[in-house]
Amino acid sequence: NNVIKDYTKYAEEAQKSLGFKVDIQVKLIEGTVKISDALVGFAKNHECHIMLVGADGMTAYCNKQPILGSVSDECVKDAQCNIIVTQINEFNSTPRGSTVSM
C-alpha cells in the first residue's frame, strides 16, 4: 500500500535527522466513517501510551466558526492515553506534501 510506504519512508527520514532510533509502526485503519473514533478505538485496543495527531488546518469554517469537528480535538476529548497534537506550519509538512502558510 502506497500510504503505508509513504509514511514509513517519512518516519525513516525523520529518524535520520533525529540521530537516534525511534520504534515506530505504521498501521492503516480502513472502513470507518469518523476518523477520530477509529483512532481512539485503535489506541485503546492496542493499549497505546501516546497518540500523536496532526492539526493541519483541514477543519471547515463558516463565519469564522468551525462547522466540522476537528479530528485532533475529538481525539483529545475522547482518548484514554496521552495525546500530542502537532501543528503543520512553514517549518514542517505532512507526508502528502501539504503545508499551511502563516
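Everything discussed here concerns the structure shown above.
What counts, and at which threshold
Residues numbered from 1 in each chain as written. Predicted model: local features only at pLDDT ≥ 70, side-chain atom pairs only at ≥ 80, totals over all residues. Heavy atoms only, no water. Buried < 20%, exposed > 50% of the residue type's maximum accessible area, 1.4 Å probe, protein only. Helix = DSSP H or I, 4+ residues; strand = E, 2+ residues; numbered from the N terminus. Arc of directions from axis to C-beta. Salt bridge = Lys/Arg side-chain N within 4 Å of Asp/Glu carboxyl O.

### Section: helix 3 (residues 71–78)
Every buried residue of helix 3 is accounted for by Ser-72, Glu-74 and Cys-75. Taken down its axis, helix 3 places every buried residue within 160° of arc, on the same side.

### As for the pattern of salt bridges
All chains considered together, the criterion is met by two salt bridges. Between Glu-74 and Lys-34 there is a salt bridge, with its nearest N and O atoms 3.8 Å apart. Here Glu-74, found in helix 3, pairs with Lys-34, found in the loop between helix 1 (2–18) and helix 2 (35–45); they are 40 residues apart in sequence, far enough to count as distant. Its relative accessible area of 39% is what places Lys-34 among the partly exposed residues. In this structure, Glu-74 and Lys-77 form a salt bridge, with 3.7 Å as the shortest nitrogen-oxygen distance. Pair noted here: Glu-74 and Lys-77 are both in helix 3, with a separation of three residues, about one helical turn.

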